[in-house]
Amino acid sequence: SGTRSVYAFWNKAAQSQPAVGAAFGRNAVWPDYLAVQHLNETVNTTAGGYVDSTGNGYDGTGVSMALPAVAANFGTAQDFDGSSDLIQIPETLTDAMATNNTFVMSAWVNLDNTSGNQAVIGASRSFRKSYFIQAQTSNYIAMVGNTNSTDETANGGGAIASQWQLLHSVWDGSTLSLYVDGSLLDSITSTETLRTSNSRPTAIGSISGQSGNEGDFLDGQVHSVRFLNSVTGWSADRIASEESNQS
């Protein structure tokens, strides 16, 4: 019941859109998310130059980013060179992701190749592991961890070069599930507990955002990276629907 207002803009340059913080502005679109990086900006290395569309302030900073942004399966994507490019998000996001010992992470990725280890999202290095999603040769792998000696991975095939793929990593506190293009690739059970402090910055395009601990650089394009610290309402059907709606 009640009245709802729906705003739709298409090729309407003269129309004034709601302010970012207004009731129908950008920040109100993502109330359940911790961070959403569309990655549709012009390539940059400006501090906070990759905007978190939730308004929570988890803006990303490009490190060595230089390749021009490219057209994606929809919208625009950032292009990573596989040798030094990454986008760093402060460790406050990594800590916030661990608050409930649950999370959902997702991203669209287009690999230039499937050689070696290539991290799509990473907060894992040097005894301060938290999570990652990466391609290892032809396999996608998701990890949840706390220290260098305790971590759990879900893995399988699924990595394809020169094809846009939607990845989801879901950790509900006891089961880690990895989805590719809306379908479950692998799941494992674990007693792991996420680190809630003294973690590493999260990176897009690298295994870690911590200076000096970067690695497993991505050679490919990424857009629409999303982070939640709750699995409420997230089911296999919802993930399949999300993939279908965006494809």
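For the structure, check the block above.
Scope of this entry: the structure provided in the associated data block. (Residues numbered from 1 in each chain as written. Predicted model: local features only at pLDDT ≥ 70, side-chain atom pairs only at ≥ 80, totals over all residues. Heavy atoms only, no water.)

Time to look at the overall build of the protein. What the protein contains, in helices and strands, is two helices and 15 strands. Over its C-alpha atoms the protein spans a radius of gyration of 17 Å, differing by no more than 12% from the 18 Å that the globule rule assigns to 247 residues. Projected onto its principal axes, the C-alpha positions of the protein cover 55 × 45 × 35 Å. Across the 247 residues of the protein, 48% fall into the buried class. A separation threshold of at least 6 residues defines the contact pool for the protein, and within that pool the share at least 24 residues apart is 60%. As displayed, the protein offers around 10900 Å² of accessible surface, 45% of which is attributable to carbon and sulfur atoms. The distance from the centre of the 10 positive side-chain charges to the centre of the 22 negative ones in the protein is 7 Å. (Helix = DSSP H or I, 4+ residues; strand = E, 2+ residues; numbered from the N terminus. Rg over C-alpha atoms; globule rule 2.2 N^0.38 Å. Buried < 20%, exposed > 50% of the residue type's maximum accessible area, 1.4 Å probe, protein only. Contact = heavy atoms within 4.5 Å. Areas by Shrake-Rupley, 256 points an atom, 1.4 Å probe, with all protein chains shown as cover. Lys, Arg positive; Asp, Glu negative; His and termini not counted. Charge placed at Lys NZ, Arg CZ, Asp CG, Glu CD.)

This brings us to the pairing of strand S15 (residues 219-228). For S15, the buried fraction is high: ten of the ten residues fall into the buried class. Examined bridge by bridge, strand S1 (residues 35-37) and S15 share three bridges and lie antiparallel to one another. Its bridge partner lying in S15, Gln 37 is registered against Val 225. Where strand S4 (residues 76-81) meets S15, four bridges bridge the pair, whose relative direction is antiparallel. Looking at the pairing, Phe 80 lines up with Gly 220 of S15. Pairing analysis gives seven bridges linking strand S6 (residues 103-111) to S15, with the strands arranged antiparallel. (Pairing = 2+ DSSP bridges.)

To continue, consider unusual backbone geometry. In this structure, Asn 101 takes a positive phi of about 55° despite not being glycine. Following the sequence through the fold, Asn 101 ends up in the loop between helix H1 (91-97) and S6. On the accessibility criterion, Asn 101 (16% relative accessible area) is buried. Positioned with a positive phi, Ser 162 is a non-glycine residue whose angle comes to about 60°.

The next point concerns helix H2 (residues 236-246). For H2, the complete set of buried residues consists of Ile 239, Glu 242, Glu 243 and Gln 246. Viewed along the axis of H2, the buried residues span an arc of 95°, placing them on a single side of the element. The outward face of H2, more than 90 degrees from its buried face, is lined by the exposed residues Asp 237 and Asn 245. (Arc of directions from axis to C-beta.)

Take the side chain of Thr 94 next. Within the fold, Thr 94 resides in helix H1. A relative accessible area of 1% means that Thr 94 is categorised as buried. Beyond its immediate sequence surroundings of up to four residues, Thr 94 is in contact with Ala 123, Ser 130, Tyr 131, Ser 199, Arg 200, Pro 201 and Thr 202.

Attention now goes to the environment of Gly 173. Along the chain, the position of Gly 173 falls in the loop between strand S11 (164-171) and strand S12 (175-180). Through-space distance from the C-alpha of Gly 173 to that of Trp 30 is 23 Å; in sequence the pair is 143 residues apart. The contact partners of Gly 173, leaving out residues within four places of it in the chain, are Asn 101, Thr 102, Ser 190 and Glu 192.

Here the focus is the side chain of Thr 54. Relative to the helices and strands, Thr 54 resides in the loop between S1 and strand S2 (61-63). Engagement of the side chain of Thr 54 in a polar contact is seen with the side chain of Asp 52, the distance being 2.9 Å. Here the side chain of Thr 54 touches Asn 56 through a polar contact of 3.0 Å, landing on its backbone nitrogen. (Polar contact = N/O pair within 3.5 Å; in protein donor to acceptor, adjacent residues only side chain to side chain.)

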